[in-house]
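# Summary of structural features
Listed below are the residues making up each chain.
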Amino acid sequence: MFDEIMRKFEGSPSQQAVIRLLLERGFSVNDDGRVVSGSIEIPNTQIAREIGVDRRVVDSTTDAILADEELRRIFQNISSIPSLMDLAPVLDLTVLTVDVTDADQPGIVATVTTLLADNDISIRQTISEDPEFTDEPRLYLVTDDDIPGDVLNELKNLGFVRKLELE
């Protein structure tokens, strides 16, 4: 899906940057063509400044989204989810990032969460990036406790795990 959306803007890298930001942040586009998070409007100038484009690029991108029925359905229904990842150091939580070889493989989340649960590791939050919307999707798990080395080794030995990171 991500590739299909980006193809619709293949002639404009600047518009692709706007699309990428909207998807990454979970920002919606309302009926007036304004970028919103919930009901809070985000000024196009702020979006433009964030990604280094002119405000008019944001305007033209939101116009294109509203003019395309498929894009309209996606961008009028997307939403963001609060993440504990940035708060983890403040709250003394652990963030485990799992890079996988094939994100389309079924059972990745179930296998990883079961392994942690079997080792009495409480999971506070799980965030799985969608392979349809991200080039290199990752699985993020926020845990109450540190993850012991033997558990990390078990995780690393799973066939679908490419790399693990701890924060």
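A few points on the structure. Quick caveat: nothing in here was measured; it's all calculated off a predicted structure.

## As for the nonpolar core
Within the largest apolar cluster, 24 residues are counted, with the highest numbers of intra-cluster contacts made by I19, L22, V35, V58, I65 and F75. Mapped by element, the contributors of at least two residues to this core are helix 1 (2-7), helix 2 (13-25), helix 3 (44-51), helix 4 (55-67) and helix 5 (69-75). Residue contributions to this core peak at five residues, all from helix 2. Excluding residues that lie within four positions of it along the chain, I65 makes contacts with F9, I19, L22, V29, L71, R72 and F75.

## Considerations on the packing of helix 2 against helix 3
Interhelical geometry of helix 2 versus helix 3 gives an angle of 105° and a closest axis separation of 10 Å. Between helix 2 and helix 3, the crossing angle belongs to the class labelled roughly perpendicular. Side by side, helix 2 and helix 3 meet where A17, V18, L21 and R25 of the first sit next to I47, E50 and I51 of the second. Taken together, the residues of the contact of helix 2 with helix 3 break down into five nonpolar, no polar and two charged.

What counts and how
- Residues numbered from 1 in each chain as written.
- Predicted model: local features only at pLDDT ≥ 70, side-chain atom pairs only at ≥ 80, totals over all residues.
- Heavy atoms only, no water.
- Core = buried A, V, L, I, M, F, W, Y, C linked by side-chain atoms within 4.5 Å.
- Buried < 20%, exposed > 50% of the residue type's maximum accessible area, 1.4 Å probe, protein only.
- Helix = DSSP H or I, 4+ residues; strand = E, 2+ residues; numbered from the N terminus.
- Contact = heavy atoms within 4.5 Å.
- Axes fitted to C-alpha atoms, helices over the stretch in contact; angles between N-to-C directions.
- Parallel < 35°, antiparallel > 145°, perpendicular 65-115°, else oblique.
- Nonpolar A, V, L, I, M, F, W, Y, C, P; charged D, E, K, R; others polar.

Shape descriptors only; they carry no functional weight alone.
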